[in-house]
Amino acid sequence: MSCLHVHKPISIIFPVSTAMVSALLQVLTAVVAAAVHVAAFDPNPLQDFCVADSTSKVRVNGVPCKDPATVSADDFFFAGVDHPGGGTASRRYGFTALPVQIPGLNTLGASHARVDVAPGAVFPPHYHPRASETAVVLDGAVYFGFVTSYPDNKVFAKVLRKGDVFAVPQGLVHFLYNNGTAPAALYATLSSQNPGLVLLGDALFGSGLADDLLAKTFLTDKETVGKIGVKFRS
């Protein structure tokens, strides 16, 4: 009668130090952070430039490229930010925004605008879902700031004067108020070709949301909401 020999599995244990675990966690954190960074902003360009071809009927996530052979220095140039006017005016709030249209910025993840604010006027609370913003005051003075996300809801704001620069993190609600007696002007740079703009008052009261929903949201009554809503729908 033969005997069966049962062999026990051999376990090999590799020593793992605290330093190794810490290093691995740091690597994983860096990889995740890099992935989030890539996903959060405009994609990187694949060539030196891609001047926007405004005549193309092709629909892509952006604007098709112009034939490089037809590109000139004018495609990277814009004149007119040294004086107010020429942009989209808001009679409700008293500001004017002039987009700086530079075809050569296509695919480069940036956009620019000049903003003029009359005395006593505001660029009301708003946010850009796809961009951070850096603004430099060209003239006058404004109260400029942003609000952090819930639950802190902390305000970071300063009175800015000519030559001052202020930065707003991506997606945060921000505002500016010209509480002086002279016109003010700013030059804003945003970190997306299409940053988007959501004006909170217009989005809430001018979009057709139900008055009872807004009344509960702002802890008030439908009559008050209705009076406010009329101003945004007129």
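Residues numbered from 1 in each chain as written. Predicted model: local features only at pLDDT ≥ 70, side-chain atom pairs only at ≥ 80, totals over all residues. Heavy atoms only, no water.

Going by the annotation in an unreviewed UniProt entry, the name recorded for the protein is Germin-like protein, with Sorghum bicolor given as the source organism. Annotation of the protein in UniProt includes, under Sequence similarities (unreviewed entry), the sentence "Belongs to the germin family." Of the protein, the UniProt comment under Function (unreviewed entry) reads exactly: "May play a role in plant defense. Probably has no oxalate oxidase activity even if the active site is conserved." (UniProt positions renumbered as here; feature names shortened; annotations may be inferred.)

Chemist: Before we go on, may I ask you to explain the overall build of the protein in this structure?
Modeler: Scanning the protein from N- to C-terminus turns up four helices and eleven strands. Out of the 234 residues in the protein, the part that is buried amounts to 27%. Here the analysis covers contacts within the protein between residues at least 6 apart in sequence; of these, 67% occur between residues at least 24 apart. Of the accessible surface of the protein, which amounts to about 15700 Å², a share of 63% is contributed by carbon and sulfur atoms. (Helix = DSSP H or I, 4+ residues; strand = E, 2+ residues; numbered from the N terminus. Buried < 20%, exposed > 50% of the residue type's maximum accessible area, 1.4 Å probe, protein only. Contact = heavy atoms within 4.5 Å. Areas by Shrake-Rupley, 256 points an atom, 1.4 Å probe, with all protein chains shown as cover.)

Chemist: Looking at this model, I keep getting lost on the pairing of strand β4 (residues 122-127). Mind explaining?
Modeler: In this structure, β4 lies alongside strand β9 (residues 173-177), joined through three bridges in antiparallel fashion. What sits directly across from Val122, in β9, is Tyr177. Alignment of β4 against strand β11 (residues 198-199), held across two bridges, turns out to be antiparallel. Note that in β11 the partner of His126 across the bridge is Leu199. (Pairing = 2+ DSSP bridges.)

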